[in-house]
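Structural overview for review
Single-letter residue listing:
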Amino acid sequence: MRLRETPTTSSAVLGVGSYRPSRVVPNAEIVERIDSSDEWIQQRSGIVERRFATDDETVVSMAVASARQALEEAGVDAAQVDCVVVATVSHFLQTPSAASMIAFELGTERAAAFDISAACAGFCHGVALASDMVRGGSARHVLVIGVEKLSDQTDPTDRGSAFIFADGAGAVVVGPSEEPGISPVVWGSDGEQYDLIRSREDWRDVLAADEPRMPHLVMQGNAVFRWASYEMAKVARETIAAAGITVEDLDLFVPHQANMRITDAMARALKLPEHVRIARDIAHQGNTSAASIPLALRAMLDDGTARSGDLALIIAFGAGLAYAAQVVRVP
Amino acid sequence: MATTEEIRAGLAELVNEVTGLDADEVQLDKSFTEDLDVDSLSMVEIVVAAEEKFGVTIPDDQVKNLKTVGDAVSYIEGQS
C-alpha cells in the first residue's frame, strides 16, 4: 500500500504583530548600579531606552497580545491555526510549554503547540519550522511567537549586560501562498562557543547553593561582537544567495536587535546598498532576544519604513551559539 | 616584508576607517584606550580588519595585550 502524501504549497508570512511592555526604562535608571552614563551606553549599544514588563505583563499575556495582532493583520482566525511555535528563554515553568497555554488563551482548536529553545536565534528557527510545516502539509497556518522577559534574568549590576536586555513579544502568521514568500533557511550552531552567552549556572547548582540566586544571563561581549558582526555577515550572504537574489534586490535588513554596533558592522560587512532600509528598533526597545525581529518589523510597518511586498533579510543569532536566517516577503 | 612604518601606517588607516580618528594621531607610543579613545568594540573591528589586511590571526585573548599601537605593530610583525 502506498501511503497518502499531502499536497504541497508555497509558504509566506501573512501577518506581523507585536507587544511592547508598558514601562519605559531610560538609561538613567540603569546607570547608577553599573557606574556608567547615558552617553557610555548609547555609544556602546545605541540603546536610548528599553521596555521592562510589569508583573501583570507575563510571557503568556505578551505573547497572546502579539499573536492576536498578527492574526488580525493576516485575516486568519485563531480557530484556523494548526500549530503554535513559541521561541523563548523566559518561560520559567520547566513543563508544560508556554505554547500550550498561549494556544489555549488564543482560542485555537487544539492546535499543536510547543516551545523551542534557540535563544536570540529562536524566531528565525520558528519561521523555518513553520515554513516547512506549511510546505510539507503538516499545518496550514502556523503562529510563530518570540517572547522574552529578560529583565527577570538580567543582573542589574553587570556592566556587560545590564543595559542590553529587555522585554517584549512579536509574532507572525505563516501560511500557504501561491508565490514563495519565505526563502530556504540558512542555519546552524557552534557549540564550541557554548559559554559566550549563557545562564550563569544550571538550576540544580542554584538550588544547592547556600543562598540561591537567579542564574543571570552572562555574556562575553567582545567575542560575541566579533562572531555576530563578521561570521553572521557570511551567513547573511549565504542566505541571500540561497534565496536566489542579490543584495541589490533587498528592501529591508532586519537583523536580531542585539546591539546597534553589531547591526552597523554587519551592514558595512555586507556592503548593503543605500536603498536598503535597516531596522534600528534597539534604540527604544533594547535587546529582546527572540522577540526582536518581529518587534522591529512591526515598527517598520507602522511607521511606513517597511511596505507590503518588500523583501526583507532577517537574521537571528545568539546563545548556543545558534543562528538562522531567511529572506521573507513582507505581507 | 612590510617595514614597521608601513605596518603602522596601514594600521592607522584602519583606525581612521573604524573610528574616524585622524590617521596621523596613530603613532607607536599611543595607547588605544587612553590616548586614542578606541572602545573595546571598535578595537574588535580594527583587529578583524588588521587580520584581513596583514594576513595574520589575532585571537580574542591576545587583543587585551595590545595596549599601544606599538604593541599591535610588533604583534603583526611577529606573525607575518
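Definitions and limits used
- Sequence positions are assigned chain by chain, starting from 1 and proceeding in written order.
- Here the convention is simple: chains get letters from A, ligands get numbers from 1, in the order in which they are written.
- The predicted nature of this model means local features are confined to residues of pLDDT at least 70 and side-chain atom pairs, given and counted, to a pLDDT of 80 or more, with totals for whole chains, interfaces and linings taken over all residues.
- Think of the side-chain values as coming from all heavy atoms in the structure, minus any hydrogens and water.
- UniProt positions are given in the numbering used here, feature names are shortened, and annotations may be inferred rather than shown by experiment.
- Both cavities and pockets are sets of points on a 1 Å grid over the protein atoms alone; in a cavity a 1.4 Å probe fits but cannot get out, in a pocket the set is open with protein on both sides within 12 Å along at least five of seven lines, and lining residues sit with an atom within 4 Å of a point.
- Grid points are joined across faces, edges and corners, and a volume is the space filled by probe spheres set on the points.
- A run of H or I in DSSP counts as a helix once it spans at least four residues, and a run of E counts as a strand once it spans at least two, with each numbered from the N terminus.
- Just so you know the grouping, Ala, Val, Leu, Ile, Met, Phe, Trp, Tyr, Cys and Pro go in nonpolar, Asp, Glu, Lys and Arg go in charged, and all remaining residues, Gly too, go in polar.
- Two residues form a contact once any of their heavy atoms are found within 4.5 Å.
- Whenever a nitrogen or oxygen atom comes within 3.5 Å of another N or O atom, the pair is scored as a polar contact, on the condition that within protein one atom can donate a hydrogen and the other can accept it, and that pairs from neighbouring residues in sequence are kept only if both atoms are in side chains.
- At least two DSSP bridges between two strands are needed for those strands to be called paired.
- Axis lines are fitted through C-alpha atoms, for helices just across the contact stretch, and the angle between N-to-C directions can take any value from 0 to 180 degrees.
- A 1.4 Å probe rolled over the protein chains alone gives each residue an accessible area, and that area as a share of the maximum for its type sets the label: buried under 20%, exposed over 50%, partly exposed in between.
- When two components associate, each loses some accessible surface as probed by a 1.4 Å sphere; the sum of these losses over both components is called the buried area.
- Salt bridges are identified by distance alone: a Lys or Arg side-chain nitrogen within 4 Å of an Asp or Glu carboxyl oxygen.

As annotated in an unreviewed UniProt entry, chain B is Acyl carrier protein from Marmoricola endophyticus. As recorded by UniProt, the Function (unreviewed entry) comment attached to chain B reads in full: "Carrier of the growing fatty acid chain in fatty acid biosynthesis." As its UniProt record puts it under Subcellular location (unreviewed entry), chain B is described as follows: "Cytoplasm".

As recorded in an unreviewed UniProt entry, chain A goes by Beta-ketoacyl-[acyl-carrier-protein] synthase III and comes from Marmoricola endophyticus. Under the UniProt heading Pathway (unreviewed entry), the entry covering chain A gives this text: "Lipid metabolism; fatty acid biosynthesis." Under the UniProt heading Sequence similarities (unreviewed entry), the note attached to chain A is "Belongs to the thiolase-like superfamily. FabH family."

1. As for empty space enclosed by the protein
In the structure shown here, the tally under the stated rule is two cavities of 30 Å³ or more. Computed from the structure, the largest cavity encloses a volume of approximately 50 Å³. Taken together, L11, F32, M43, I46, V47, A50, I58, L66, A72 and I76 of chain B make up the lining of the largest cavity. Elements that contribute at least two residues to the lining of the largest cavity include exactly α2 (40-54) and α4 (69-79) of chain B. Its boundaries defined by the atoms lining it, the second largest cavity holds a volume of some 40 Å³. Along its surface, the second largest cavity is lined by V13, F123, V172, I293, L297, I314 and V328 of chain A. Across the lining of the second largest cavity, the residue classes break down as seven nonpolar, no polar and no charged.

2. Overview of the UniProt feature "active site" (unreviewed entry) in chain A
Residue and element names in this part refer to chain A. Cross-referencing UniProt, the feature "active site" (unreviewed entry) maps to C120, H256 and N287 in the present numbering. Spatially, the listed residues are clustered: although they cover 168 residues, their C-alpha atoms lie within 8.9 Å of one another. Among the structural elements, H256 can be located in the loop between β11 (252-255) and α8 (260-270). Once residues within four sequence positions are removed from consideration, H256 is found in contact with C120, N287, S289, S292, I293, I315, A316 and F317. Within polar-contact distance, the side chain of H256 engages the side chain of S292 at 2.7 Å. Mapping N287 onto the fold places it in the loop between α9 (282-285) and α10 (292-302).

3. A look at the sheet that holds strand β7 (residues 167-177) of chain A
Residue and element names in this part refer to chain A. Reading across the sheet, the five strands line up as β1-β7-β6-β4-β5 and stay open at both edges, with mixed pairing between neighbours. Single-partner strands in this sheet number two, and they are β1 (10-19) and β5 (112-116). Pairwise comparison of adjacent strand axes, ignoring direction, gives a mean angle of 20 degrees for this sheet. As defined by bridge partners, strand β4 (residues 83-87) adjoins β5 across five bridges and the pair is classed as parallel. Across the sheet, the residue bridging to V84 is A113, located in β5. Here helix α3 (residues 59-74) sits on the sheet and contacts β1, β6 (142-149) and β7; the angle it forms with β1, its principal contact strand, is near 130 degrees.

4. Considerations on the UniProt feature "modified residue: O-(pantetheine 4'-phosphoryl)serine" (unreviewed entry) in chain B
The feature "modified residue: O-(pantetheine 4'-phosphoryl)serine" (unreviewed entry), as annotated in UniProt, sits at S40 of chain B in this numbering. Along the polypeptide, S40 of chain B turns up in helix α2. Reaching out from S40 of chain B, the side chain makes a polar contact with the side chain of N222 of chain A at a distance of 3.3 Å.

5. Section: α10 of chain A
Residues and elements named next belong to chain A. Counting buried residues in α10 gives nine out of eleven residues, a clear majority hidden from the surface. For α10, every residue scored as buried is listed here: S292, I293, P294, L295, A296, L297, R298, M300 and L301. Phi for G304, located one or two positions after α10, is positive at around 85 degrees.

6. Observations concerning the side chain of D251 of chain A
Residue and element names in this part refer to chain A. On the secondary structure map, D251 appears in the loop between α7 (221-242) and β11. Looking at D251, its side chain comes within polar contact range of the main-chain nitrogen of L311, at 2.8 Å. Leaving out residues up to four positions away in the same chain, D251 has contacts with H275, V276, R277, G309, D310 and L311.

7. Re the pairing of β6 of chain A
All names here are of chain A. When you tally the buried positions in β6, you get eight out of eight residues, the bulk of the element. With burial as the criterion, each face of β6 is covered, one bearing V142, V144, G146 and E148 and the other bearing L143, I145, V147 and K149. Bridge count between β4 and β6: five bridges; the pairing is parallel. Paired with V86 across the strands is I145, a residue of β6.

8. Some points on the UniProt feature "domain: Beta-ketoacyl-[acyl-carrier-protein] synthase III N-terminal" (unreviewed entry) in chain A
Under the UniProt annotation, "domain: Beta-ketoacyl-[acyl-carrier-protein] synthase III N-terminal" (unreviewed entry) lies at residues 114-191 of chain A. Counting secondary structure, residues 114-191 of chain A comes out at 19% helix and 33% strand; the distance between its end C-alpha atoms is 23 Å.

9. Considering the interface of chain A and chain B
Frequently, the measure chosen for interface size is the accessible area that the parts lose on association. Facing eleven residues of chain A, the contacting portion of chain B comprises twelve residues. Summed over both partners, the interface of chain A with chain B comes to about 1100 Å²; 47% of that surface belongs to carbon and sulfur atoms. Along the contact surface separating chain A from chain B lie four salt bridges. Taking the shortest distance from any N to any O, the salt bridge between E45 of chain B and R268 of chain A comes out at 2.4 Å. Counting every contact that joins chain A to chain B gives eight residue pairs in polar contact (both at pLDDT 80 or more). Among the secondary structure elements, those contributing two or more residues to the side of chain A that touches chain B are α2 (38-45), α7 and α8 of chain A. The biggest single contributor to the side of chain A that touches chain B is α7 of chain A, with five residues. Partitioned by chemical class, the residues of the side of chain A that touches chain B number four nonpolar, three polar and four charged.

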